[in-house]
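Architecture at a glance
Take a look at the letters that make up each chain.
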Amino acid sequence: CRTWRDDWTLYRHGIAVTPRSYMANLNLGFRYRQDKQYEKAIEHFLRVAEIRPDYFWGNYHAGTCYLALKKYDDAIREFRKAHNIRPD
């Protein structure tokens, strides 16, 4: 139960035992974004994009964080990557 006492520990443990878990990285990115820790969220969203280059959500969510940080060029780059993966 100590490992899974909350979502933070669950996702961190998931990444510790399976570093290439795109889902654990995605969910930890969501938690950081929810707490407005955008730089840390971006790290995890870009990790998702690295692990699953066909899964546009990593780039998309990284773009939303860059947008929150007013890093518009970076946001546009990530949104374009997401759009190239899934144009619809």
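All values reported here derive from a predicted model rather than from experimental measurement.

Criteria and thresholds
- Residues numbered from 1 in each chain as written.
- Predicted model: local features only at pLDDT ≥ 70, side-chain atom pairs only at ≥ 80, totals over all residues.
- Heavy atoms only, no water.
- Helix = DSSP H or I, 4+ residues; strand = E, 2+ residues; numbered from the N terminus.
- Rg over C-alpha atoms; globule rule 2.2 N^0.38 Å.
- Buried < 20%, exposed > 50% of the residue type's maximum accessible area, 1.4 Å probe, protein only.
- Contact = heavy atoms within 4.5 Å.
- Phe/Tyr/Trp six-rings, centres within 6.5 Å; stacked < 30°, edge-to-face > 60°.
- Lys NZ or Arg CZ within 6 Å of the ring centre and 35° of its normal.
- Polar contact = N/O pair within 3.5 Å; in protein donor to acceptor, adjacent residues only side chain to side chain.
- Core = buried A, V, L, I, M, F, W, Y, C linked by side-chain atoms within 4.5 Å.

Concerning the overall build of the protein
If you tally the helices and strands in the protein, you get 5 helices and 0 strands. The C-alpha atoms of the protein give a radius of gyration of 13 Å, which matches the 12 Å a tight globule of 88 residues would have. Here the protein holds 88 residues, and 38% of them are scored as buried. Of all intrachain contacts in the protein linking residues separated by at least 6 positions in sequence, the fraction that spans at least 24 positions is 38%.

Remarks on the packing of aromatic side chains
Counted by the stated rule, this structure contains 6 aromatic pairs. Ring geometry for Phe56 and Trp57: centres 4.3 Å apart, planes at 35 degrees, overall tilted. Residue classification places Phe56 among the buried residues on the basis of a relative accessible area of 13%. Here the aromatic cluster, defined as three or more aromatic residues joined through ring pairs, consists of Phe56, Trp57, Tyr60 and Phe79. Just above the ring of Tyr22 sits the side chain of Arg52; from NZ or CZ to the centre is 4.7 Å.

Concerning the environment of Leu26
Secondary-structure assignment places Leu26 in helix α2 (residues 22-34). Separated by 15 residues in sequence, Leu26 and Tyr11 place their C-alpha atoms 9.0 Å apart. Aside from chain neighbours lying at most four places away, what touches Leu26 is Phe45, Val48, Tyr55 and His61.

So, the side chain of Glu78
Locating Glu78 in the fold gives a position in helix α5 (residues 72-85). Engagement of the side chain of Glu78 in a polar contact is seen with the side chain of Asn59, the distance being 2.8 Å. Contacts of Glu78, omitting those with residues within four sequence positions, involve Leu46, Asn59, Tyr60, Ala62, Gly63 and Tyr66.

Points about the nonpolar core
Counting 17 residues, the largest nonpolar core has Leu26, Leu28, Tyr32, Ala41, Phe45 and Cys65 as its most contacted members. Every element with two or more residues in this core is listed here: α1 (7-17), α2, α3 (38-51) and α4 (57-68). Element by element, the count of residues in this core is highest for α3, at 5 residues.

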